[in-house]
Amino acid sequence: MDNTKIHTEIIAIGNQKGGVGKTSNTLHLAAALGELGKKTLVIDLDGNCGATRGLGLGTDWLGTFEALLGDQEPEDLIVRTDPVEGTDLPKNVDLLPARRNLEQFEDEYRRRNKFAEPSSTLGPVLGKLKGKYDFIFLDTAPNASAPTVASYRSADWFILSTEASKLSVDGLTDALTDIQAVREAGNAGLRLLGVIMCKVDTRTRIASNYTERIRRDFAAAGEMGAFETYITRATAIELAQEEGKTVFQTEPAHKVAEQYRALAREVLARLQSVRSSEAVAEVEIKPHGEMMEAADA
Ligand SMILES: Nc1ncnc2c1ncn2[C@@H]1O[C@H](COP(=O)(O)OP(=O)(O)OP(=O)(O)O)[C@@H](O)[C@H]1O
Ligand SMILES: [Mg+2]
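If you're wondering where the values come from, they're calculated on a predicted model, not measured in any experiment. (Residues numbered from 1 in each chain as written. Chains lettered and ligands numbered in written order. Predicted model: local features only at pLDDT ≥ 70, side-chain atom pairs only at ≥ 80, totals over all residues. Heavy atoms only, no water.)

1. Overview of the overall build of the protein
- Scanning the protein for helices and strands turns up 13 helices and six strands.
- Computed over C-alpha atoms, the radius of gyration of the protein comes to 20 Å, within 12% of the 19 Å expected from 2.2 N^0.38 for 297 residues, which places it in the range of a compact globule.
- Principal-axis analysis of the C-alpha atoms places the extent of the protein at approximately 65 × 50 × 40 Å.
- A total of 297 residues make up the protein; the buried ones form 49% of that total.
- Taking contacts inside the protein between residues at least 6 apart in sequence as the whole, the part at least 24 apart equals 76%.
- Of the roughly 14300 Å² of accessible surface on the protein, a fraction of 52% belongs to carbon and sulfur atoms.
- When the 35 positive and 45 negative side-chain charges of the protein are each reduced to one mean point, those points stand 3 Å apart. (Helix = DSSP H or I, 4+ residues; strand = E, 2+ residues; numbered from the N terminus. Rg over C-alpha atoms; globule rule 2.2 N^0.38 Å. Buried < 20%, exposed > 50% of the residue type's maximum accessible area, 1.4 Å probe, protein only. Contact = heavy atoms within 4.5 Å. Areas by Shrake-Rupley, 256 points an atom, 1.4 Å probe, with all protein chains shown as cover. Lys, Arg positive; Asp, Glu negative; His and termini not counted. Charge placed at Lys NZ, Arg CZ, Asp CG, Glu CD.)

This is the structure:
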């Protein structure tokens, strides 16, 4: 068995607005990264079980509810592609599924732990899975339920999912406020990796105008803005979803699969650029640290 630990990037995909492509983006980005050889785990943290259903699983798999309550080891709850079990996930993608009972998680947790905080439960679960995957994606719900709050509080990165409409783009200001609030509430290291615009009707000026506006507004707030690649509205996504699959499994040559491949490359490039500027900053800090040591001696 290969015990080499890999660096795991933990990315929450969210927006408090419903139906804006969070789950579709999570699954397709995971599949695109999987295709590039990155081992990826999707954790379904939505009581509506969008990611679980989107990958063709029924509603009776044990998963996040049991993991968050500490009733079972997360590793034992992970679903992988397995012809015997009848599970068929995208290449290099595993899933920690959810059932509807996730909606009762907070009540159950408080019943068992009167004085503890339910959102503190995801950190230890992630701690056990870190080093086994290149990416862990947290698919969140459009509400402030405990598993969603836990995701925001435990992630390294946040990707905002939005539609290219005035209402949705206007709502991103609230999303930025939420991210800032999460930082103040304890996850000071949470960084916005970018904004995915999806369900774009055509490659008209409207989408690029919104991309430009998001870039400008977010840069003013000191944040990374919209990814260059946007995802067009495609029936292929809905058809794949009906089959419980991603487009990477049903129509891998479709234009929308190509868009997700381009998006995955952008995600990797952004991560690499942030990580290498951090490495440079570390080298710059070192001589000062060494000087301090010399002074202490
Ligand atoms: N690029 C696309 N083209 C066409 N339909 C899409 C596209 N992306 C997502 N959809 C459809 O839009 C609907 C909402 O998408 P999705 O479930 O990914 O959003 P969500 O933000 O996760 O929703 P919720 O807030 O309910 O969890 C789904 O029916 C999905 O099939
Ligand atoms: Mg969803």
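2. Overview of the pairing of strand E1 (residues 9–14)
- With six of its six residues buried, E1 lies for the most part within the structure.
- Side chains of E1 alternate between two faces, with Glu9, Ile11 and Ile13 and Ile10, Ala12 and Gly14 buried alike.
- Where E1 lies against strand E4 (residues 135–139), five bridges are found, and the strand directions are parallel. Pairing of Ile13 across the sheet is with Asp139, part of E4.
- Inspection of the sheet shows E1 paired to strand E5 (residues 157–163) by four bridges, in the parallel sense. By the bridge assignment, Ile13 is partnered in E5 with Ile159. (Pairing = 2+ DSSP bridges.)

3. Quick notes on the environment of Leu193
- Counting through the fold element by element, Leu193 comes out in strand E6 (residues 191–198).
- What makes Leu193 buried here is its relative accessible area of 0%.
- Between the C-alpha atom of Leu193 and that of Phe227, which follows or precedes it by 34 residues, the distance is 9.0 Å.
- When neighbours within four sequence positions are excluded, Leu193 is seen to be in contact with Ile11, Trp157, Phe158, Ile159, Met224, Phe227, Val267, Arg270 and Leu271.

4. Describing the pattern of salt bridges
- One pass over the structure, following the stated rule, counts 25 salt bridges.
- Residue Glu75 is joined to Lys132 by a salt bridge in which the shortest nitrogen-to-oxygen separation is 3.1 Å. Separated by 57 residues along the polypeptide, Glu75 in helix H4 (residues 74–77) and Lys132 in the loop between helix H6 (122–129) and E4 bring together distant segments of the chain.
- The exposure class assigned to Glu75 is partly exposed, which follows from its relative accessible area of 30%.
- Lys132 sits in the partly exposed class, given a relative accessible area of 37%.
- Here Arg80 and Asp94 are joined by a salt bridge, their closest N and O atoms 3.5 Å apart. Taken as a pair, Arg80 in the loop between H4 and strand E3 (93–96) and Asp94 in strand E3 lie far apart in primary sequence, 14 residues in all. (Salt bridge = Lys/Arg side-chain N within 4 Å of Asp/Glu carboxyl O.)

5. Observations regarding the side chain of Thr232
- With respect to the helices and strands, the residue Thr232 is situated in the loop between helix H10 (205–220) and helix H11 (235–242).
- Assessed through its relative accessible area of 6%, Thr232 is described here as buried.
- Contacts of Thr232, omitting those with residues within four sequence positions, involve Lys199, Val200, Lys255, Val256 and Gln259.

6. Things to note about the nonpolar core
- Counting residues in hydrophobic clusters, the biggest one holds 47 residues, and the most contacted among them are Ile43, Ile136, Leu138 and Leu160.
- A total of five residues in this core trace back to one element, the largest contributor, which is helix H9 (residues 172–184).
- The contact partners of Leu138, leaving out residues within four places of it in the chain, are Ile10, Ile11, Ala12, Ile13, Ile43, Leu45, Leu122, Leu126, Ser151 and Ala155.
- In terms of nonpolar packing, the next biggest core, distinct from the first, is built from 39 residues, Phe137, Val247, Ala264 and Val274 among them. (Core = buried A, V, L, I, M, F, W, Y, C linked by side-chain atoms within 4.5 Å.)

7. As for the pairing of strand E2 (residues 40–44)
- With five of five residues buried, E2 is to be regarded as a mostly interior element.
- The pairing of E2 with E3 spans four bridges and is parallel. Note on E3: the bridge partner recorded for Leu41 is Asp94.
- Strand direction decides the pairing type here: E2 and E4, joined by five bridges, are parallel.

8. A few points about the packing of aromatic side chains
- Inspection of the entire model under this criterion finds three aromatic pairs.
- Summarising the aromatic geometry, the rings of Phe135 and Phe137 are spaced 6.0 Å apart at their centres and angled 15 degrees between planes, so their arrangement reads as stacked.
- For the ring pair Tyr152 and Phe158, a centre distance of 4.8 Å and an interplane angle of 80 degrees mean the geometry is edge-to-face. With respect to class, Tyr152 is no different from Phe158; both count as buried. (Phe/Tyr/Trp six-rings, centres within 6.5 Å; stacked < 30°, edge-to-face > 60°.)

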